[in-house]
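Observations on chain architecture
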Amino acid sequence: NAGVTQTPKFRVLKTGQSMTLLCAQDMNHEYMYWYRQDPGMGLRLIHYSVGEGTTAKGEVPDGYNVSRLKKQNFLLGLESAAPSQTSVYFCASSYARPRRNEQFFGPGTRLTVL
Amino acid sequence: DQQVKQNSPSLSVQEGRISILNCDYTNSMFDYFLWYKKYPAEGPTFLISISSIKDKNEDGRFTVFLNKSAKHLSLHIVPSQPGDSAVYFCAASDRGNTDKLIFGTGTRLQVFP
């Protein structure tokens, strides 16, 4: 099993450009999450999904959109990138009872917006 | 408003000694807590968890203690090893919304020989 994979690993964007980050999991998990990690801020939840076709806002959703068209994939989109979105992005997934089961994280995508 | 707080950004411990990482929370609805470990350039990995019905959970060298009255939990690593050098995140689950976790800001542990 590959677990949780993220594509790409690194990306540099110019302000105003758009991009999509792809997360894929092969563990048949119901729940998927997108976080960003910034120095001194810990992991902050951007959006999450509790099942195929569903999405919900997290703590810092502004400037991002997500889609969960297939159970194994969770896409994070930036329509018009801003320097404030420079961060490391982590995707995670878990079984349908995240309270009792830990989240499995991908290796991260380092995004720089110039 | 930071609901899960890790007030020590870093901790340095000698190999073989005990490492104690602390976490405080403000939300009385939190009833499940987890610790994650993160190495550089990798995603966090689950380490240990504890339910609010317990005050201690142990897994090998790792023990988590929960003090509900103080809204405080701690992770003890005994004995500490150089491979334990990483960033440790505390996370909590709200019984009113169990779909997600709230993470602390992390503590960087360095274990030196």
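Check the entry above for the structure.
The following refers to the structure shown. Only a predicted model underlies this, so the values are computations on that prediction, with no experimental measurement involved.

**Quick notes on the overall build of chain A**
From N to C terminus, chain A includes zero helices and 11 strands. The N-to-C order of helical and strand elements in chain A reads β-β-β-β-β-β-β-β-β-β-β. Here the C-alpha atoms of chain A give a radius of gyration of 13 Å, agreeing with the 13 Å that 2.2 N^0.38 yields for 114 residues. Structurally, chain A occupies a C-alpha span of about 40 × 30 × 25 Å along its principal axes. Here chain A, with 114 residues, has 50% of them falling under the buried criterion. The contacts of chain A with a sequence gap of at least 6 include a subset with a gap of at least 24, amounting to 55%. Averaging the locations of the 13 positively and 8 negatively charged side chains of chain A gives two centres separated by 3 Å.

**Quick word on unusual backbone geometry**
For residues that are not glycine, phi is negative in most cases, and the peptide bond is trans in most cases. Each neighbour pair has its own omega, and for T7(A) with P8(A) the value is -5 degrees, a cis peptide bond. Within the fold, P8(A) resides in the loop between β1 (4–7) and β2 (10–13). You will see that N28(A), though not glycine, has its phi angle at about 60 degrees, which is positive. Inspection of the secondary structure assignment puts N28(A) in the loop between β3 (19–25) and β4 (31–38). In this structure, A41(B) is a non-glycine residue whose phi angle is positive, near 65 degrees.

**Description of the interface of chain B and chain A**
Counting from both sides, the interface comprises 21 residues of chain B and, opposite them, 20 residues of chain A. The interface formed by chain B and chain A holds zero salt bridges in total. Along the contact surface separating chain B from chain A lie three residue pairs in polar contact (both at pLDDT 80 or more). Only β4 (30–38), β9 (86–94) and β10 (97–103) of chain B provide two or more residues apiece to the side of chain B that touches chain A. Among the elements that line the side of chain B that touches chain A, the one with the most residues is β10(B), at six residues.

**What about the packing of aromatic side chains?**
To describe a pair of aromatic rings, one takes the distance between the centres and the angle between the planes. In the structure shown here, the tally under the stated rule is 12 aromatic pairs over all chains. Look at Y64(A) and Y89(A): their rings are 5.8 Å apart centre to centre, the planes differ by 65 degrees, and that puts the pair in the edge-to-face class. Here Y64(A) is found in the loop between β6 (56–57) and β7 (65–67), whereas its partner Y89(A) is found in strand β9 (residues 87–94), with 25 residues between them in sequence. Y89(A) shares its class with Y64(A); the two are buried. On the numbers, 6.1 Å between centres and 80 degrees between planes, the contact of F105(A) with F103(B) is edge-to-face. Of this pair, F105(A) sits in strand β10 (residues 104–105) while F103(B) sits in strand β10, which puts the two residues in different chains. When sorted by exposure, F105(A) lands in the same class as F103(B), which is buried.

**A few points about the side chain of Q6(B)**
Relative to the helices and strands, Q6(B) is located in the loop between β1 (4–5) and β2 (10–14). Excluding its chain neighbours within four sequence positions, the residues that come into contact with Q6(B) are N22(B), C23(B), W35(B), Y88(B), F89(B), C90(B), G104(B), T105(B), G106(B) and T107(B).

The rules behind the values
- Residues numbered from 1 in each chain as written.
- Chains lettered and ligands numbered in written order.
- Predicted model: local features only at pLDDT ≥ 70, side-chain atom pairs only at ≥ 80, totals over all residues.
- Heavy atoms only, no water.
- Helix = DSSP H or I, 4+ residues; strand = E, 2+ residues; numbered from the N terminus.
- Rg over C-alpha atoms; globule rule 2.2 N^0.38 Å.
- Buried < 20%, exposed > 50% of the residue type's maximum accessible area, 1.4 Å probe, protein only.
- Contact = heavy atoms within 4.5 Å.
- Lys, Arg positive; Asp, Glu negative; His and termini not counted.
- Charge placed at Lys NZ, Arg CZ, Asp CG, Glu CD.
- Salt bridge = Lys/Arg side-chain N within 4 Å of Asp/Glu carboxyl O.
- Polar contact = N/O pair within 3.5 Å; in protein donor to acceptor, adjacent residues only side chain to side chain.
- Phe/Tyr/Trp six-rings, centres within 6.5 Å; stacked < 30°, edge-to-face > 60°.

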